[in-house]
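Inside the fold
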Amino acid sequence: MKRRAFLQRTVRGSGVLFAGGLGLLSWAPRSVAATIQVALGVHAGYAPMVDGTSAYMVTFSGGSSVEFPGPTIVCREDDLVSISIQNPLSINAVFHVGRTAIRHTVGAGSSVNFDFEAPPAGTYLYYDDQNSGVNRSMGLHGTLVVMPAGSDNRSFSDGPTFVRQYKWLLASVDPAWGEHLANSGVAAIGGIDPDSFSPRYFTINGRSFDQTDEPNTHIKGLVGDATLIRLLNAGGMVNSPHFHGNHVEIVSLNGSNSSGARKKKDIVSMFPLDCRDVLLPMATPPDAWPPASGAQHFPMHCHAEMSQTAGGGFYPHGMHASITIGEAPTSEPQLD
Ligand SMILES: [Cu+2]
């Protein structure tokens, strides 16, 4: 009989329950499957943008106000995930896990509890799939990471090993949509024309550069510290992250895993809803000159040009992050 341990995650940052050693990132391997409890709320309100303005959003949250993006849920593949959602808003919200049949509606002004068996190991976007992408782009999304049973350094059972893993959840924000809801009420979300999307802010893990220079997004490692980056696109446009310093290997593409030879790419196309796991080898670049010594700094910028601005301003205050090869992070990423 399957034995389940009991773990609880009620608020953002309680990842300490999953804390592991160096590079294990919010993840300690267990000998038994667990029940992971997640409490979410649906909230509307203003979130800060990089240029000092704020954008009105609707999000899933582990707290009492908006949280952009929603909390990251980390579990392993035979866990039971038990979710409760409270929705004080005047609109229905939907919790759907992409690439799965998991889909639950929480009615306006009500709450819901449901359980699901964790899907196969991999990276998943959970999101509200109503209104042709409008609800998702308004902020109703987050990440579900499913680790393989019995491994803390692979993303699937025979995948490549990594020393450290990060999550980069990409999003694009149209503050005009938010202002419409702030002025007319959240029920106006159903009347927004998805084709009117005109994003002005472009984020990784809810932040634009240089606010991406924080331990969960700025990628660091010693030479040889193979690093897994779980890329997800919750936004409404195609993004093209370009990695400088090293090419990355495509490890998984929307649930399709490469255990053998893997494509090496410097630019990774990210269509809306895409989940792609890539491995950054953290190697000294083969053409490095002068010879690499100490910490080497490289950018990742998105090749969709408008994503490199904030509110129409200057490069690079958009979907842009730093990569440092040859320096261990001072605090381990939490997949938050
Ligand atoms: Cu480039």
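Quantities reported herein were computed from a predicted structural model and do not represent experimental measurements. (Residues numbered from 1 in each chain as written. Predicted model: local features only at pLDDT ≥ 70, side-chain atom pairs only at ≥ 80, totals over all residues. Heavy atoms only, no water.)

Next up on the list: the overall build of the protein. The number of helices and strands found in the protein is two helices and 21 strands. Taking the principal axes of the C-alpha coordinates as reference, the protein spans close to 60 × 60 × 30 Å. Relative to its 336 residues, the protein shows a buried fraction of 57%. Per element, the accessible surface of the protein, about 13200 Å² overall, is 52% carbon and sulfur. Positive and negative side-chain charges of the protein, numbering 22 and 28 respectively, have mean locations separated by a distance of 7 Å. (Helix = DSSP H or I, 4+ residues; strand = E, 2+ residues; numbered from the N terminus. Buried < 20%, exposed > 50% of the residue type's maximum accessible area, 1.4 Å probe, protein only. Areas by Shrake-Rupley, 256 points an atom, 1.4 Å probe, with all protein chains shown as cover. Lys, Arg positive; Asp, Glu negative; His and termini not counted. Charge placed at Lys NZ, Arg CZ, Asp CG, Glu CD.)

Let us look at the coordination of the copper ion. At the metal site, the copper ion is ligated by H242 (ND1), H301 (NE2) and H303 (NE2), and these contacts range over 1.8 to 2.1 Å. Written as a sequence motif, the donor residues of the copper ion are H-x58-H-x1-H. For H301, a relative accessible area of 15% puts it in the buried group. We classify H303 as partly exposed; its relative accessible area is 35%. (Donors = N, O, S within 2.8 Å, 3.2 Å for Na, K, Ca; no water.)

A separate point is the domain arrangement of the protein. When cut into domains, the protein gives domain 1 (4–147) and domain 2 (164–325). On the domain 2 side, the residues contacting the 38 residues of domain 1 number 43 residues. Across the interface of domain 1 and domain 2, roughly 3300 Å² is buried in total on both sides, 67% from carbon and sulfur atoms. Area buried by domain 1 at its contact with domain 2 is led by V50, Y56 and T123, which between them contribute 18% of it. The interface formed by domain 1 and domain 2 contains zero salt bridges. Scanning the region where domain 1 abuts domain 2 turns up nine residue pairs in polar contact (both at pLDDT 80 or more). (Domains from an automatic or database assignment. Contact = heavy atoms within 4.5 Å. Buried area = accessible area lost by both parts, 1.4 Å probe. Salt bridge = Lys/Arg side-chain N within 4 Å of Asp/Glu carboxyl O. Polar contact = N/O pair within 3.5 Å; in protein donor to acceptor, adjacent residues only side chain to side chain.)

Bringing the environment of A182 into the picture now. Relative to the helices and strands, A182 is located in helix α2 (residues 175–184). Separated by 125 residues in the primary sequence, A182 and M57 have C-alpha atoms spaced 8.7 Å apart. Leave out the neighbours within four places in its chain, and A182 touches Y46 and Y56.

Let us look at the environment of N135. Within the secondary structure layout, N135 lies in helix α1 (residues 134–137). Through-space distance from the C-alpha of N135 to that of N239 is 19 Å; in sequence the pair is 104 residues apart. Beyond its immediate chain neighbours, meaning those up to four positions away, N135 contacts D128, Q130, L140 and I189.

A few words now on the packing of aromatic side chains. Two measures describe an aromatic ring pair: the distance that separates the ring centres and the angle between the ring planes. One pass over the structure, following the stated rule, counts nine aromatic pairs. Centroid distance F60 to F95: 6.0 Å. Interplanar angle 75°. Geometry classified as edge-to-face. Linking F60 in strand β3 (residues 54–61) with F95 in strand β6 (residues 93–97), this pair joins segments that are 35 residues apart in sequence. The burial state of F60 is the same as that of F95; both residues are buried. Ring geometry for F114 against F116: centres 6.5 Å apart, planes inclined by 20°, an arrangement best described as stacked. What links up through ring pairs into an aromatic cluster is the set F60, F95, F114, F116 and Y126. Residue placement shows R99 over the ring face of Y124; its charged tip is 4.4 Å from the ring centre. (Phe/Tyr/Trp six-rings, centres within 6.5 Å; stacked < 30°, edge-to-face > 60°. Lys NZ or Arg CZ within 6 Å of the ring centre and 35° of its normal.)

With respect to the helices, strands and loops of the structure, Q165 is situated in strand β11 (residues 164–173). A distance of 2.8 Å separates polar atoms of two side chains, one belonging to Q165 and the other to R230.

What follows is about the nonpolar core. Of all hydrophobic cores here, the largest spans 37 residues; its most connected members are I83, F95 and F116. Broken down by element, the residue count for this core peaks at five residues, all from strand β2 (residues 33–48). The contact partners of I83, leaving out residues within four places of it in the chain, are V38, L40, I73, F95, V112, N113, F114, D115 and F116. (Core = buried A, V, L, I, M, F, W, Y, C linked by side-chain atoms within 4.5 Å.)

What follows deals with α2. Each α-helix winds once per 3.6 residues, and so residues spaced three or four apart point in a common direction. Buried within α2 are the following residues: P175, W177, G178 and L181. Burial along α2 is one-sided: seen end-on, the buried residues are contained in an arc of 155°. Along α2, exposed side chains directed more than 90 degrees from the buried face belong to A176 and N183. Buried residues along α2 sit in contact with β3, α1, β11 and β12 (201–204). Capping of α2 at its N-terminal end is provided by D174; its side-chain oxygen lies 2.9 Å from the backbone amide nitrogen of A176. Count one or two residues on from α2 and you reach G185, which has phi positive near 95°. (Arc of directions from axis to C-beta.)

A sheet is described by the order of its strands in space; here four strands give the open sequence β13-β21-β20-β15, paired in mixed fashion. Each edge of the sheet is formed by a strand with only one pairing partner; in this case those strands are β13 (219–221) and β15 (241–243). Neighbouring strand axes in the sheet, compared pairwise and without regard to direction, differ in orientation by 15° on average. The pairing of strand β20 (residues 296–302) with strand β21 (residues 320–325) spans six bridges and is classified as antiparallel. (Pairing = 2+ DSSP bridges. Axes fitted to C-alpha atoms, helices over the stretch in contact; angles between N-to-C directions.)

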